[in-house]
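Now for the letters of each chain:
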Amino acid sequence: MRTVHEVSELAHVSVRTLHHYDQIGLLKPSARSKSGYRLYSDDDLMRLQQIMLFRELEFPLADIKAILESPDFDQGKALEQQIELLELRREHISNVIDLAKAMKAMGVRALSFKPFDTSKIDEYAAQAKASWGDTPQWTEYQRKWAGKTKEDEAAMGARLMELFAPFGRMAAAGADPSCEEAQAQVARIQAFITENAYTCTNEILAGLGRAYGSGGDFTRNINEAAGPGAAEFAAAAVEAYCSQR
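Residues numbered from 1 in each chain as written. Predicted model: local features only at pLDDT ≥ 70, side-chain atom pairs only at ≥ 80, totals over all residues. Heavy atoms only, no water.

K.L.:
Could you clarify how one ought to interpret the overall build of the protein chain in this entry?
P.N.:
A tally of regular secondary structure across the protein chain gives 13 helices and three strands. Put simply, the protein chain has 245 residues, and 37% of those count as buried. Residue pairs at least 24 apart in sequence account for 60% of intrachain contacts in the protein chain once pairs closer than 6 positions are excluded. Working note: accessible area of the protein chain is about 14,900 Å², and carbon and sulfur atoms make up 54% of it. (Helix = DSSP H or I, 4+ residues; strand = E, 2+ residues; numbered from the N terminus. Buried < 20%, exposed > 50% of the residue type's maximum accessible area, 1.4 Å probe, protein only. Contact = heavy atoms within 4.5 Å. Areas by Shrake-Rupley, 256 points an atom, 1.4 Å probe, with all protein chains shown as cover.)

Here it is, written out as structure tokens:
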């Protein structure tokens, strides 16, 4: 067993941070000395290591606690996903460094913003978090879809994609994403998700909207189903919708 000061020196984490983790139930020591001092076991240190990995990926403490306490949490799978996320971050940082070097060599003429794009990282992190955390939305989805087949799920996905078709037409016509027609269509999508999957709050909808226009799988799938520019138009329409509520 190790004292809080020993763990602090070993893990390069402040004593104050360890006390805070204990207070919020994120990392509680397995035992206490006769004098009441915290004592940490090897299992506690393994949990701290997991916490530090998630923190390295900038996950909020509340999310980390929910993930680690989820009955569906698979440490092996989590490590694979954490490695993938860290590698994506390494690639991102490398691209930013290359841009900085180009700017140094060429001055402001080396104009590029692509290295700052974190959409791929954000999308993968969201997907990983959904698979780790036993969220109320996931619980509701499981309840609603208990006994349903893969064919049922595919049919629902197709129906959802149909709701993006008007965005493709509006994008082609150069419509304003904040127009009445576009906003009504966003409301239909929100209602569809709530009815068929989970309660789609405005906060969740805003996150989905950002994913629609992130340039990842969401964007590609929507544009293939609804036409070029549909996903980006949908993202802008959702942003306008949520900003007004």
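K.L.:
Help me out: how do you make sense of the sheet that holds strand 2 (residues 31-32) in this one?
P.N.:
Two modes of strand pairing occur in sheets, parallel and antiparallel, and in both the strands are linked by backbone hydrogen bonds. Read across the open sheet, the three strands follow the order 1-3-2; overall the sheet is antiparallel. With one partner strand each, in any of the chains shown, strand 1 (2-3) and strand 2 form the two edges of the open sheet. Two elements, strand 2 and strand 3 (residues 38-40), share two bridges in a ladder whose sense is antiparallel. Bridge pairing in strand 3 links alanine 31 to leucine 39. (Pairing = 2+ DSSP bridges.)

K.L.:
Even after reading the chapter, I still don't get the pattern of salt bridges, so can you show me in this structure?
P.N.:
Opposite charge on two side chains lets them pair, provided their charged atoms get close. Scanning all chains against the criterion turns up four salt bridges. With a shortest N-O distance of 3.3 Å, aspartate 42 and arginine 2 are connected by a salt bridge. Separated by 40 residues along the polypeptide, aspartate 42 in helix 3 (residues 42-56) and arginine 2 in strand 1 bring together distant segments of the chain. Between arginine 38 and aspartate 22 there is a salt bridge, and its shortest N-O distance comes to 2.7 Å. (Salt bridge = Lys/Arg side-chain N within 4 Å of Asp/Glu carboxyl O.)

K.L.:
For this particular structure, what's the right way to read the packing of helix 3 against helix 4 (residues 61-69)?
P.N.:
The geometry of a pair of packed helices is captured by two quantities: the angle between their axes and the separation between those axes. Where helix 3 meets helix 4, the closest approach of the two axes is 10 Å, and the angle between their N-to-C directions is 135°. By the angle between their axes, helix 3 is oblique relative to helix 4. Seen along the crossing, helix 3 lies across helix 4 with a hand that is right-handed. The residues of helix 4 that touch helix 3, namely those facing Arg47, Gln50, Ile51, Phe54 and Arg55, are Leu61, Ile64, Ile67, Leu68 and Glu69. (Axes fitted to C-alpha atoms, helices over the stretch in contact; angles between N-to-C directions. Parallel < 35°, antiparallel > 145°, perpendicular 65-115°, else oblique. Left-handed = near helix turned anticlockwise from the far one by under 90°.)

K.L.:
Please explain the side chain of asparagine 223 as it appears in this structure.
P.N.:
Tracing the sequence through the fold places asparagine 223 in helix 12 (residues 217-226). Residue asparagine 223 is classed as buried on the basis of its relative accessible area of 18%. Here asparagine 223 is in contact with Pro228, Gly229, Ala230, Ala231 and Glu232, once residues within four sequence places are set aside.

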